[in-house]
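Chain by chain, the residues run as shown.
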Amino acid sequence: MRVELARAAAVALALVATGGGARAGTLDLAPVAGLDVESFVIDAVALPGAPDKIVMLEYSGRVVVVDRALGTSAVMLDALVVEGQDLAGVANAGAFSIALAPDFASSGRFYVSANTGDRRNVLVEFASTGLAADPASQRRVLTLAGHPDGELGLHYGGAISFDEAGMLFMTTGDSNAPHEAGLGNPAQDLGSRLGKVLRIDPGGDAYPGDADNNYAIPAGNPDFGPGADPALWAIGLRNPFKGKHDPLSGLFPVADVGEDSREEVNLVAPGANFGWSAFEGSAPGAGALNPDLAPVDPAFELVWAGGGARASITGGLVYHGPLAALDGRYLFGDYLGWGAIGDGPPVWSLDFDGGAVAASTLWETTELSGDLARTMGFGQDGAGRLYLFDQDGDVFEVASAAAAAAPLPAAGAMLAAGAGLLGAAGLRRRRRGRAGRRRPCSSAPP
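Treat the numbers as computed from the prediction; the structure is a model and nothing was measured.

Some details on the nonpolar core
Inference 1: In terms of nonpolar packing, the biggest core is built from 32 residues, with V55, L80, I98, F110 and V112 touching the most fellow members.
Inference 2: Every element with two or more residues in this core is listed here: β4 (41-46), β5 (53-58), β6 (63-67), β7 (72-77), β10 (94-100), β11 (109-115) and β12 (121-129).
Inference 3: Examining the composition of this core, we find that four residues originate from one element, β10, more than from any other.
Inference 4: Setting aside anything within four residues of it in sequence, one finds F110 in contact with M76, I98, A99, L100, A101, F104, V124, E125, F126, S128 and A133.
Inference 5: Grouped together as the second largest cluster of nonpolar side chains are 22 residues, M170, L198, I200 and F224 included.

Right, dumping it as structure tokens:
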């Protein structure tokens, strides 16, 4: 079935980037067979030394190792149990991200971030042998309480990854805290770990009297001044639930979900203030700005342009692999599907030149079979295969990627259904076939 962009004629979305032109392309998606998924995959990491295997984390906290050569999957961790509770059965709880220790090949250590039903972020470590985790080895690395005045919601952040020095980054959300002037703004509070990017050493312990926090502060963290939490690396974020440091390029793009009108991609640097909630993207917001830290504009932002448009950015990764049209580019999608520009979720990619966006590409997705409904994340294995994860439980591999020869209108143009801008490029969403069994979930991380 083909669905033209004009179907959403009343809704528009504007693209705002720091520079470069917008292009179009097509991605063919093939469903991955042989998976045993109970909830849905939300994150994945390549397995060192095993290019045909990838470690996938489900939202329930279950971890599986997928062998693409054999077409099989094996359970690495059956359940994520925190304080005696299996998070798979706890309302408003779930896992967000997984990272393997830099010495995983010898130590078997890996890390999982999650949120509990009472609005806490937790980061836990496991030891594994032969790709089987020992549940009894669980060690609490970090615990982060929700804002006391925050509303029950999904602003947890929770993306984890390691840098070249072996230090662990973790993003945190603002806990749905009130952010009007005078009511508090945890993302701008240097004494709070909410709404931040943290950088910690999970192998040390600077808090021996605190059973919930067992990590050290690495050398090289920025000095934010008296009273600042020493784990802070960057501040001023709302719900950065996806972001991975890329050791090959040195880039650290973090996608931040907007509130009223904007989705943004930030290039994280030490000491940066991305402005929330004094700013949403580059637009002034309702909260108060930390007076000592000037805000940094996003590297890229998308603006909802009225007509009931909604968006919720799902950040991805910097891809390196055999898909030449995507090699070296940062990829991201959208959880809500961006109905403003088609019938389902497209994918964006950004080319960075230093700290600026040199070009952006909007990729039309075509499922060779199945149906990509809501993009929950991206992953890549050691062989360079690229994956998209659907909230309905399916996992898709990008089978091919082809960029259009002609650029779209320059960045800053309105991507309006019916306006002819994307329609002139022939961009449409195509589907072939329908998915089988669906795996609904009552809540979603964004």
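So much for the structure itself; the text now carries on.
Regarding the packing of aromatic side chains
Inference 1: For the structure on display, the rule yields eleven aromatic pairs.
Inference 2: Here F300 and F332 contribute two aromatic rings whose centre-to-centre distance is 5.7 Å and whose plane-to-plane angle is 65°, an arrangement assigned as edge-to-face. Of this pair, F300 sits in strand β23 (residues 300-304) while F332 is found in strand β25 (residues 330-334), placing the two residues 32 residues apart along the sequence. Side by side, F300 and F332 carry an identical accessibility label, which is buried.
Inference 3: Among the aromatic side chains, those forming a connected cluster through ring pairs are F300, Y330, F332 and W348.

Overview of the confidence of the model for the protein
Inference 1: Mean pLDDT over the protein works out to 85, with 82% of the residues at or above the 70 mark.
Inference 2: Scored below 50 in pLDDT, residues 1-13 makes 45 contacts in the model with residues more than four places away or belonging to other chains.

A closer look at unusual backbone geometry
Inference 1: Omega for the peptide link from W276 to S277 comes to 5°, which places this bond in the cis form.
Inference 2: Looking at where S277 falls in the secondary structure, it is placed in the loop between β20 (262-267) and β21 (279-280).
Inference 3: One non-glycine residue, E83, lies in the positive phi region at around 55°.
Inference 4: Turning to its location among the elements, E83 is positioned in the loop between β8 (81-82) and β9 (85-86).
Inference 5: Although it is not a glycine, S175 adopts a positive phi angle of roughly 65°.

Let's talk about the pattern of salt bridges
Inference 1: Taken as a whole and judged by the stated rule, the model has 17 salt bridges.
Inference 2: Linking R62 and E38 is a salt bridge whose minimum nitrogen-to-oxygen distance equals 3.7 Å. Pair noted here: R62 is in the loop between β5 and β6 and E38 is in the loop between β3 (21-31) and β4, with a separation of 24 residues, a long-range link.
Inference 3: Overall, R62 belongs to the buried group, its relative accessible area being 2%.
Inference 4: Of the charged contacts, one joins D52 and R385 as a salt bridge, the two residues approaching to 2.8 Å between their closest N and O atoms. Of this pair, D52 sits in the loop between β4 and β5 while R385 is found in the loop between β28 (375-380) and β29 (386-390), placing the two residues 333 residues apart along the sequence.
Inference 5: Looking at D52, the relative accessible area reads 29%, which means it is partly exposed.
Inference 6: If you follow the salt bridges from partner to partner, you end up with E83, D118, R120, R140 and D212 in one network.

About the thresholds
Residues numbered from 1 in each chain as written. Predicted model: local features only at pLDDT ≥ 70, side-chain atom pairs only at ≥ 80, totals over all residues. Heavy atoms only, no water. Core = buried A, V, L, I, M, F, W, Y, C linked by side-chain atoms within 4.5 Å. Buried < 20%, exposed > 50% of the residue type's maximum accessible area, 1.4 Å probe, protein only. Helix = DSSP H or I, 4+ residues; strand = E, 2+ residues; numbered from the N terminus. Contact = heavy atoms within 4.5 Å. Phe/Tyr/Trp six-rings, centres within 6.5 Å; stacked < 30°, edge-to-face > 60°. pLDDT = per-residue confidence, 0-100. Salt bridge = Lys/Arg side-chain N within 4 Å of Asp/Glu carboxyl O.

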